[in-house]
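# Structural description and commentary
Residue strings, one per chain:
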Amino acid sequence: MKSLALYFMIMSAAWTLASTLFTSVAIASDCTHLWQHDLSTGNVLRKNYTGDTNAAYAPLPLNYFRKDGYLRISGEFQPVRFFSIETYTGRKNKSFDVLHDFMIVPESGADVSGHSAVGYLPTSERFEIVIARESTVTQLRARYRNVLALKDNISLTSAWLRYFLPANGKQISTDDLPRVEMLSVKDHSSLPCPQTRQEVDEPAIPDFISNIVRRKNDVFKFKVADVNWAGNAGVGGYAYGHSRMRKGDVFVSRFKTPDVLSDVRYWSYCTKDLINNKGLACLPDSEARPDASGFVTVVTTSNAEAAAHAKQMGWAHLPDTRPDSIKMVLHAYRNILATEEFANRSKFKGEYLPKAVLCYARDFIDGSCDL
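Residues numbered from 1 in each chain as written. Predicted model: local features only at pLDDT ≥ 70, side-chain atom pairs only at ≥ 80, totals over all residues. Heavy atoms only, no water.

### Focus: helix H3 (residues 304–312)
- Turning to H3, its buried residues number three or more, namely Ala 306, Ala 307, His 309 and Ala 310. In an axial view of H3, the angular spread of the buried residues amounts to 160°, which keeps them on one side of the axis. Seen from the open side of H3, the exposed residues pointing more than 90 degrees away from its buried face are Ala 304, Glu 305, Lys 311 and Gln 312.
- The inward-facing, buried residues of H3 abut strand S14 (250–256), strand S17 (295–301), strand S18 (316–319) and helix H5 (361–365).
- At the N-terminal end of H3, a side-chain oxygen is found 3.0 Å from the backbone nitrogen of Glu 305, two or three residues along, and the residue is Asn 303.
- Count one or two residues on from H3 and you reach Gly 314, which has phi positive near 80°. (Buried < 20%, exposed > 50% of the residue type's maximum accessible area, 1.4 Å probe, protein only. Helix = DSSP H or I, 4+ residues; strand = E, 2+ residues; numbered from the N terminus. Arc of directions from axis to C-beta. Contact = heavy atoms within 4.5 Å. Polar contact = N/O pair within 3.5 Å; in protein donor to acceptor, adjacent residues only side chain to side chain.)

Here is the structure:
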């Protein structure tokens, strides 16, 4: 009887130890909780973290990422117009490496590079992406198809996941986020999750500090901000203008639109609370209604009568939703993944560069505020 009791004690201890080891490995390797989602609400929805309110963003800010480990990120392609994952260095988030959706090889090995012909990714496909220090990238590429580098000898790094314009009004939820695991470069065993930090929602004032319109009825052209060093590498630059406008004023802009899919993957025109780096409203290409000549007119105002007049004219209306305390509005126009031909020939040039005017609502309604 004693030997039987001893047997059960030993087996019980062994099971407890095995369970503990299994649990610790599972907890250590599953780092999916490190995605920070929308920093203000904790959700990955259409939101106001940065410029485009038709996009979902998930940052993964890292502290002191170990050289002997790597992140394995696995998930499903979502039904979105554009998807990317990008790595950055330092507090200013300088872009370092990127995988746009067409560069990602699915687990099946299928070629998705031509998906832009229909505009949305094949959602039946799964992907696996590895993020590691640049000194270990070559070693990991012998095992994995999709590898992103983090700069060596930089303590503060990050990775950003971006989804633009989900199909059919879908909202990206936390359930859609890819699984994250931390593994050993040496033997691919599980490692503890890396240290993270709180991503800071910093103002973007240094990027867009000029081209301010203050006088009513003065027509001006947008300027181009080259942001290849930061932000979304798929954009590469923004056409932008500022307006110091009172609530009830009207800001009108007009530009010729690129052809979606043959010229660019996606475009949008957005307004932004510059000081707080918050997107206010956006016109995505899917909602734009160009005129017979291919031009779109965008009207930004909180004046109901002016908004109704814009609708009557067949123009797009963006509501002016900024807090009363914010006097400055940034207008930003982006083209994502422009083709080489369009980028060299037309992007932000001539008729494709927005021009704008700021005016009183009464002038806009009676037609004396004109481009």
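Once you've had a look at it, read on.
### Brief notes about the nonpolar core
- Judged by nonpolar contacts, the single largest core of 29 residues is most densely connected at Trp 35, Leu 71, Phe 83, Ile 85, Ile 131 and Leu 161.
- Only strand S1 (55–63), strand S2 (69–76), strand S3 (80–89), strand S5 (126–133), strand S6 (147–150), strand S7 (156–166) and strand S8 (179–184) provide two or more residues apiece to this core.
- Looking at this core element by element, the count peaks at four residues for S1.
- Leaving out residues up to four positions away in the same chain, Ile 131 has contacts with Phe 65, Tyr 70, Leu 71, Ile 73, Ile 85, Thr 87, Leu 148, Leu 150 and Ala 159.
- With 24 residues, the next largest nonpolar core counts Ala 239, Val 329, Leu 353 and Leu 358 among its residues. (Core = buried A, V, L, I, M, F, W, Y, C linked by side-chain atoms within 4.5 Å.)

### Here's the deal with the state of the cysteines
- Evaluation of the coordinates by the stated rule reveals three disulfides.
- With a sulfur-sulfur separation of 2.2 Å, Cys 31 is cross-linked through a disulfide to Cys 193. Sign of the S-S torsion, about -100° for the bond between Cys 31 and Cys 193, identifies this disulfide as left-handed. In this pair, Cys 31 sits in the loop between helix H1 (2–29) and S1 while Cys 193 sits in the loop between S8 and strand S9 (195–196), placing the two residues 162 residues apart along the sequence.
- Given the relative accessible area of 0%, Cys 31 is considered buried.
- Here Cys 270 is linked by a disulfide to Cys 282, with a sulfur-sulfur distance of 2.0 Å. Of note, the bridge from Cys 270 to Cys 282 carries an S-S torsion of about 115° and is right-handed in sense. Pair noted here: Cys 270 is in strand S15 (residues 266–273) and Cys 282 is in strand S16 (residues 278–284), with a separation of 12 residues, a long-range link.
- Residue classification places Cys 282 among the buried positions, given a relative accessible area of 10%.
- Across the protein chain, the way the bonded cysteines pair up, counted in sequence order, is 1-2, 3-4, 5-6. (Disulfide = S-S within 2.5 Å.)

### Regarding the sheet that holds S1
- Strand order in this open sheet of five strands is S4-S3-S7-S1-S9, and the pairing throughout is antiparallel. The open sheet is flanked by strand S4 (94–100) and S9, the only strands paired with a single partner.
- Of the pairings in the sheet, the one linking S1 to S9 comprises two bridges and is antiparallel in character. Residue Asn 63 lies in a different strand from S9, and its bridge partner there is Gln 195. (Pairing = 2+ DSSP bridges.)

### Comments concerning the packing of aromatic side chains
- Scanning the model with the defined rule gives 19 aromatic pairs in all.
- Centroid distance Phe 255 to Tyr 269: 5.9 Å. Interplanar angle 15°. Geometry classified as stacked. Of this pair, Phe 255 sits in strand S14 while Tyr 269 is found in strand S15, placing the two residues 14 residues apart along the sequence.
- Look at Tyr 269 and you get buried, because its relative accessible area is 0%. (Phe/Tyr/Trp six-rings, centres within 6.5 Å; stacked < 30°, edge-to-face > 60°.)

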